[in-house]
Every structure is written in structure tokens, then in C-alpha cells.
Amino acid sequence: MELNQTIQNFIVTASRPLKELEATLWQMEHKKSGARLVWLDRNEENKTFSIAFKTQPWDDTGVFHILEHSVLCGSRQFPVKEPFVELLKSSLNTFLNAMTFPDKTMYPFSTRNHQDFLNLLRVYMDAVLHPLIYEKPEIFGQEGWHYELQEQDGAGYKGVVYNEMKGAFASADSIMDYEICRGLFPDTCYRFASGGHPEHIPELSYEDFAAAHKRLYHPSNSYIFLDGDMDLEQVLKVLDQEYLSEFDAVQPPADIPFQAPSDGGTVEARYELSPEEELKGRARLALGLVACGYDSREEITALMALSDVLSGDNQAPLTRRLLEDGLAKDMSLTVCDGVLQPYIVVEARDVDEARLDEAEAAISSELMRLHTQGLSHSRILATLDNMEFRARQRDYGAMPTGLVFAMQAMESWLYGGDPGANLCVGELFDSLRHRVEQGYFEELIDRVLINNPHRCKVIMRPSHTLGQERKDQETRRLREAESSWDQEAAERVRRRQAEIEAWQNT
């Protein structure tokens, strides 16, 4: 191939060798539909495909999580109720799934067999572009939410995603992450729960659900990733002739805006403990800090190394300080990347509520001490060596390397960056090792962890009654809804419930 060449209505827009992967990265664009495509051409038998869409949530209803589930429930060409269950019985796939992220939804698969690849390609493309959700609104009720009337107990909420997120938000970690993102990103899509908040999922209507698919599951908003040894022209022919040529290019969604630095203040939230667990000494303190932009790869990697140096084990200085002072039973520093603006969460767990201020002061003073007196450079170098070994080894267990490459590509490509920016290790760790003696890591402590204006604080307090309070609130919402139904509205609810049950039993 060469630049500006057209293959099956895809024009080649860029290419570059990736010597470390013994690969060539090709970028293309479909002329008619505007779909973007990247092919990582390398001698890899396990072929990977992914189609992703930029899906920026605008509320907490979890519309894109529900769509992720729903488009997999049959399509125009494959009108069976659970095509992916059927595929698992016969496909030779090495990976088959779909994933909702805070700002994108991905549909990837991998297989070693060429014909299986084409079969799966058709199923995936038909699922995302021509799902049965328009002909079968029961899918939304099944996968998202619906009212279910019971003779004795009255109305209740049912739905796969609704139940899944009720379970997720029973977790203290999920509650904390939600509150941190609300504090750090008050003006962008990251302030919302992309998976959906159980209190708000029932606010989503079928009409808004369908409209979200129509607007955002369009080729002009898609990112197609191919990896491995494949008959590219045949793959592009299927994409072009069977799917993409049906669509004309439209204006894709606006880019995700950068959040201006802001102090999110202090937020208090509760999490549930079982009545058998003691509440005393179970508070949690979390500090959220926005670090940099998605394209600051060296800084993100340095912060990951710093997190291990500061709190990677009980002898790491930040953890040791809180343990020795009896202020917490566990301490962590986590780098949250894969978003437009990566952020850090510094968390102390199992703190006495009366000593929360003392724990925060200890974290601050220890960071100041380390910034002033310096870190153990030998530990930083050892951490960098370990990180480089794992990065170059590329051992992802059962997860295909092509899938990891697809996710790494999206962590730059989605924001307008180079899709190959994160695929190779290059001189990244050599550069960081060189900067150790220059005080770079101590400077990071000061700039990112101490004097960072883009921050928030979340205090989590344990509760024995939170679960029951949530149940009571849900019951009140349901009874208010029931009281607003006249006989005709109640009959519509019963009819919809029956239609969903009939669909489920088909």
C-alpha cells in the first residue's frame, strides 16, 4: 500500500513503521461514511477487530451501558435473541466481548481463523449499526429497566443493567470513584457514571435510548481497529460493501473539552457495612488530583512508578508513615489513566473518623518531607526496571495482545492524537532513568501531589443503615410513580411487562 491509495473506498491517509512490534501502522478513512480505520500490519496469527464509538454521557442514566448490552440482542441480518450466545457455541474466537468506558464503547473480538474472523466481523458490524432495538423495544426493557407489577408487592424495577449497577453502587470503591470524578470534572462528561447510577437509570426513556443510538452509533463517530495477519482487501470489502456504504458522512460529536483546574472541595458520602462489622475505625479518606493530559505519556508513566515508590508496600514511605502512626490500616496511590485528563487518587482506608484531619495532615507532611529530602533513587530505578520488563514482555495472560493494542490506540486516537503513540516502549524508560538524578520525581510530588489546584477530597463514612435507606427511597419513588397512574397507564405497564416476558421466553 501507499499514501493516498484507495482500497475498497478506504483512502490511506498515513503510515509508519513500528520496528519494536515488527509492524506497520496504516491509517485510513472511508470516503462515503467518514469511518476511521487503523490496521496494525504484523505477523500475528491471532487477528483482532474492534469498533469503538465516542460515547460521552450527559447524565447518570447509563444510556451507553444499556446500549452496549442491547445491540448484542439481535440485529437485521442476525435476528436471533442472543447471537453472541450462539457464537460462543461454534466460533473459534479467542476473545469476544463489549466494554463501556467513561467516554467510549468498544466492541472487540479476536480469532485465529480467517473465515471465523469474517463471520464475527459481520455479526459485530450488523449488531452495532442495525440492532433490533427499533423493532423490539422489549430489548430496552430487558437490558435497561422496566416496571414489574406484582399482585402483593406492587411495582418494582427490573433490568439487567439496573440490577448490575445496584450491585456496583453497593461497593464503597464505586461510590468513592463516582464522587471523585464529580469533584474533579464538574463541567465535562466524566462527572457522570457511564455505567449508570441506579437512582437515575429509571429516568431514561426508550425514545431517548433509541435517539442516542441513532446519533452516536454512526460510522462517522466510529474508530475501527484491525490487528494481525489478514486479507485486508477482503476485510475492507466486507466493511465497505455490506455496511459502511449505506451511510453518508455526518458531523461527529464535538471533542471532549478539557476541564479547567478547579477545587472540588470536600464531599462526604456513606458506604454500607454489614451489622456484624464494627463502624469505628472504618472511615476512608481520598484525595483526587488531576495530573496532566492524555498525551503526557512520560509523566503518566513516571506517576505510576511514583505510586509504587510511595505506597507500593508497607515499607513504602507514605504507607509506612500512616501505619506507624496508627492512622490507617491501608494506604494506596492510584493513577487513573485512559481518559482525556488522567488523575490520581491518594486513599487512606480504615481511619478513625475522629482522626481524619490528622491522617490528611500526615499525608501532606510526609509528601513535603519526601519532596524536600528526596526519594530513594535506587527504589525508583528498580521500579522503572520492573515496569519496563513488563511493558516489553507484553504478557497479558488470556487477553490477546491485539485487544490491548486496540485499547492503547484508543487512549490517544479518541482525543485526536496519534493512534500509535502508546504502542511501543521506545526510549521511554531510558528517559525516565536519566531524569531520576535531576530531581524529576521530587518535582512531580510538589507539582502534582502537593501544590495542585485541580483537586477534591472525598470522605467516606461507614453505615449500617444505608442499604435499608436506599430500599426505602426506591419504594417511595415506586409508590409515587404508581399513584400517578390511571387505569389506562397501569394497563400499559402490565402490557409492556407481558411483552418483555414473552420476548424473554421466545
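Residues numbered from 1 in each chain as written. Predicted model: local features only at pLDDT ≥ 70, side-chain atom pairs only at ≥ 80, totals over all residues. Heavy atoms only, no water.

A.B. asks: I'd like a rundown of the overall build of the protein chain, residues and numbers included.
C.D. replies: A tally of helices and strands in the protein chain yields 17 helices and 16 strands. The globule rule puts the C-alpha radius of gyration for 506 residues at 23 Å, and the 25 Å found for the protein chain is close to it. Across its three principal directions, the C-alpha atoms of the protein chain cover 70 × 65 × 40 Å. In the protein chain, buried positions account for 54% of the 506 residues. Considering only residue pairs separated by 6 or more positions, the protein chain has 77% of its internal contacts joining residues 24 or more positions apart. As presented, the protein chain carries roughly 22,200 Å² of accessible surface, and 47% of it is formed by carbon and sulfur atoms. The average position of the 52 basic charges and that of the 83 acidic charges among the side chains of the protein chain differ by 0 Å. (Helix = DSSP H or I, 4+ residues; strand = E, 2+ residues; numbered from the N terminus. Rg over C-alpha atoms; globule rule 2.2 N^0.38 Å. Buried < 20%, exposed > 50% of the residue type's maximum accessible area, 1.4 Å probe, protein only. Contact = heavy atoms within 4.5 Å. Areas by Shrake-Rupley, 256 points an atom, 1.4 Å probe, with all protein chains shown as cover. Lys, Arg positive; Asp, Glu negative; His and termini not counted. Charge placed at Lys NZ, Arg CZ, Asp CG, Glu CD.)

A.B. asks: Any chance you could break down the sheet that holds strand E12 (residues 263-272) for me, citing the residues and the numbers?
C.D. replies: Here five strands make up an open sheet; going across it, the order is E12-E16-E13-E15-E14 and the pairing mixed. At either margin of the open sheet sits one strand with a lone partner, and together these are E12 and strand E14 (330-336). Put simply, the sheet's adjacent strands are angled 15° from each other on average, direction ignored. Pairing of strand E13 (residues 283-290) with strand E15 (residues 343-351) involves seven bridges; the strand directions are antiparallel. Residue leucine 287 lies in a different strand from E15, and its bridge partner there is valine 346. Here helix H9 (residues 297-311) sits on the sheet and contacts E14 and E15; the angle it forms with E14, its principal contact strand, is near 175°. Relative to E15, helix H15 (residues 440-450) is tilted by about 75°, and along the sheet it contacts E13, E14, E15 and strand E16 (455-463). (Pairing = 2+ DSSP bridges. Axes fitted to C-alpha atoms, helices over the stretch in contact; angles between N-to-C directions.)

A.B. asks: Tell me about the pairing of E16, residues and numbers included.
C.D. replies: The element E16 is largely enclosed, with a buried count of seven among its nine residues. Looking at chain direction, E12 and E16 are connected through eight bridges and run parallel. Directly across from tyrosine 271, in E16, lies its bridge partner proline 462. The sheet contact formed by E13 and E16 spans six bridges and is antiparallel. The partner of glycine 288 across the bridge, within E16, is cysteine 456.

A.B. asks: So what's going on with helix H6 (residues 172-184)? Residues and values would help.
C.D. replies: Quick reminder: α-helices carry 3.6 residues per turn. Residues three or four places apart thus point the same way. The first and last C-alpha atoms of H6 sit 18 Å apart over 13 residues, in line with the 18 Å expected at 1.5 Å per residue. Turning to H6, its buried residues number three or more, namely Ala172, Ile175, Met176, Tyr178, Glu179, Ile180, Cys181, Gly183 and Leu184. Where the residues of H6 are buried, they touch E12, E13, E15, E16 and helix H16 (466-483). In this structure serine 171 caps H6, since a side-chain oxygen of it lies 3.2 Å from the backbone nitrogen of aspartate 173. (Expected span 1.5 Å × (residues − 1). Polar contact = N/O pair within 3.5 Å; in protein donor to acceptor, adjacent residues only side chain to side chain.)

A.B. asks: Explain the environment of isoleucine 445 to me, using residue names and the numbers behind them.
C.D. replies: Tracing the chain through its elements places isoleucine 445 in helix H15. Along the backbone, isoleucine 445 and leucine 310 are 135 residues apart, and their C-alpha atoms lie at a distance of 10.0 Å. The residues contacting isoleucine 445, other than those within four sequence positions of it, are Leu306, Leu310, Leu367, Leu370, His371, Leu375 and Ile450.

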